[in-house]
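# Coordinate analysis (summary)
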Amino acid sequence: MAQPYLSVVVPVYNEQENLPALFARLTAVLDRIGKPCEILFTNDGSRDNSLALLRDFHRQRPKQVRVIDFNGNFGQHMAIMAAFERARGEVVVTLDADLQNPPEEIPKLLAEIENGHDVVGGYRKDRQDSWFRRRASRLLNLIRESTTRIRMRDQGCMLRAYRRSIVEHITASGETSTFIPALAMSYAAHPAEIEVEHAARAAGESKYSLYKLIRLNFDLMTGFSVVPLQVFTLFGMVISIGSLLFVVYLFIRRLIIGPEVQGVFTLFAILYFLVGVGIMGLGVIGEYIGRIYQEVRRRPRFMIRDVYEQLDD
Ligand code: UDP
Ligand code: MG
């Protein structure tokens, strides 16, 4: 197969129940597109039968299916990154393995790319996730809108298409923890967004625990904005000015009325609140320092155990 037109990138982490249906639907769509297409699966350290299934897909379509097998769990975005480094397509589409993003929507994304857009994001039409997830996402979208320069409707939607040049910029970024849709948006010159269908997870459960979700959003915040740090500086300034005024007031009050002993607990409450804010501020600084530390160690951002592919060149 010559240089493919399209590379479809799918990160896989313990998705054995979903892979057969995904593969059937995805290949059906790609066959209809009628241009050379490849599929890159990254097995992100699955502990179930996913790898065996993926290798079987490769055996079925050796020239079309490429499988990258990670040496552990490096996360969805690193799984995509590894596939981006190897994707050969003119256009690269990302997709979740759990069938929440219907493969049948891919031609819609391609049409927008053909209209001249370099990044085409999807936003999910009546999103099929828990009430809690939908609320949390709305809040996180809002926080991102107000703290970064990245504008997109639905940051959590992974059904997206990128022109090759954007993918090359993303892989050249070299960050160890990142958020691919946001990175792509920061490089996009002419992005577009379209509505895409969304289904409930076909089988299995979300691979994101609450903790992993929080970590992911910290990556997004710290990776694309220093506003969290600036907020603490501003807050500290306001508190300092307020405190100074309070000291002046207490001093004058003491000269006129005399020393006060009441209100000890009010003072404690205020103090505890400020101690809490202070600790949080330390945490925010820690988040940035931790990431700086991670970057300067320059350890590989993921480790590939094996690649199953058959390229003729
Ligand atoms: N995934 C992955 N590594 C991880 C977590 C998830 O490769 O550490 C993959 C997962 O197999 C799926 C996609 O990323 O294809 C999205 O994960 P999931 O559906 O669990 O996330 P949600 O839809 O709940 O946000
Ligand atoms: Mg999902």
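Check the entry above for the structure.
Scope of this entry: the structure provided in the associated data block. (Residues numbered from 1 in each chain as written. Chains lettered and ligands numbered in written order. Predicted model: local features only at pLDDT ≥ 70, side-chain atom pairs only at ≥ 80, totals over all residues. Heavy atoms only, no water.)

What follows concerns the overall build of the protein chain. Along its length, the protein chain carries 10 helices and 8 strands. By the compact-globule yardstick of 20 Å for 313 residues, the protein chain is too spread out, its C-alpha radius of gyration being 24 Å. In the protein chain, 38 positive and 35 negative side-chain charges are present, and the distance between their average locations comes to 5 Å. (Helix = DSSP H or I, 4+ residues; strand = E, 2+ residues; numbered from the N terminus. Rg over C-alpha atoms; globule rule 2.2 N^0.38 Å. Lys, Arg positive; Asp, Glu negative; His and termini not counted. Charge placed at Lys NZ, Arg CZ, Asp CG, Glu CD.)

A few words on the sheet that holds strand β3 (residues 65-70). Pairing in this open sheet of 8 strands is mixed, and the strands run β7-β5-β6-β4-β1-β2-β3-β8 from one edge to the other. Looking along the sheet, the strands with just one partner apiece sit at the ends: β7 (191-196) and β8 (304-308). Strand-to-strand twist across the sheet, computed as the mean angle between neighbouring axes with direction ignored, equals 20°. Across 3 bridges, the pairing between strand β5 (residues 119-124) and strand β6 (residues 160-163) is antiparallel. What sits directly across from Gly121, in β6, is Arg160. Sheet contacts for helix α1 (residues 19-33): β1 (6-12), β2 (37-43) and β3; angle to β2, the most-contacted strand, approximately 160°. (Pairing = 2+ DSSP bridges. Axes fitted to C-alpha atoms, helices over the stretch in contact; angles between N-to-C directions. Contact = heavy atoms within 4.5 Å.)

With that settled, consider the site of ligand 1. Residues in close proximity to ligand 1 total 18 residues, the closest being Glu15, Asp44, Asp98, Ser206 and Lys207. Within the backbone of Pro11, one N or O atom sits 2.8 Å away from an oxygen atom of ligand 1. Contact between ligand 1 and Gln76: a nitrogen atom at 3.4 Å from a main-chain N or O atom of the residue. Here ligand 1 loses 95% of its free accessible area of 530 Å² to cover by the protein chains. (Near = heavy atom within 4 Å. Polar contact = N/O pair within 3.5 Å; in protein donor to acceptor, adjacent residues only side chain to side chain. Areas by Shrake-Rupley, 256 points an atom, 1.4 Å probe, with all protein chains shown as cover.)

Bringing the nonpolar core into the picture now. Across soluble globular proteins, nonpolar side chains have a tendency to be buried as a group. Ranked by internal contacts, the top residues of the largest apolar core, which has 35 residues, are Leu6, Val10 and Phe41. Looking at this core, the elements that each hand over two or more residues are β1, α1, β2, α2 (50-60), β3, β4 (91-94), α4 (106-114) and β7. No other element matches α1, which puts 6 residues into this core. Leu6 has contacts with Leu30, Ile33, Pro36, Cys37, Glu38, Gly89, Val91, Val93, Ile106 and Leu110, leaving out every residue within four places of it along the chain. (Core = buried A, V, L, I, M, F, W, Y, C linked by side-chain atoms within 4.5 Å. Buried < 20%, exposed > 50% of the residue type's maximum accessible area, 1.4 Å probe, protein only.)

Counted under the stated rule, the structure contains 9 aromatic pairs. The interplanar angle of 5° and the centroid separation of 4.0 Å between the aromatic rings of Phe23 and Phe57 together place this pair among those described as stacked. Here Phe23, found in helix α1, pairs with Phe57, found in helix α2; they are 34 residues apart in sequence, far enough to count as distant. Considered together, Phe23 and Phe57 belong to a single accessibility category, that of buried residues. Seen in terms of ring centroids, Phe70 and Phe302 are 5.2 Å apart; in terms of plane orientation they differ by 15°. Their pairing is stacked. Placement of the pair is Phe70 in strand β3 and Phe302 in the loop between α10 (264-297) and β8, with a sequence separation of 232 residues. In this structure, Phe70 and Phe302 share a single accessibility class: buried. Ring pairs connect the aromatic residues Phe23, Phe41 and Phe57, which therefore count as one cluster. The ring of Tyr293 is capped by Arg297, whose NZ or CZ atom sits 4.6 Å from the centre of that ring. (Phe/Tyr/Trp six-rings, centres within 6.5 Å; stacked < 30°, edge-to-face > 60°. Lys NZ or Arg CZ within 6 Å of the ring centre and 35° of its normal.)

Bringing the coordination of the magnesium ion (ligand 2) into the picture now. Distances from the magnesium ion (ligand 2) to its protein donors, Asp98 (OD) and Gln100 (OE1), fall within 1.9 to 2.0 Å. Residue classification places Asp98 among the buried positions, given a relative accessible area of 4%. Assessed through its relative accessible area of 10%, Gln100 is described here as buried. (Donors = N, O, S within 2.8 Å, 3.2 Å for Na, K, Ca; no water.)

Right, let's get into the pairing of β4. Remember that side chains alternate between the two faces of the sheet whenever the strand is regular. Residue alternation in β4 divides its side chains into two sets, Val91 and Val93 and Val92 and Thr94, and both sets are buried. With 4 bridges joining them, β1 and β4 adopt parallel strand pairing. Residue pairing in the sheet places Ser7 in a bridge with Val92 of β4. Here β4 runs beside β6; their pairing, made up of 4 bridges, is antiparallel. Following the sheet pairing, Val93 is matched in β6 by Ala161.

Just geometry here; none of it tells us what the structure is for.
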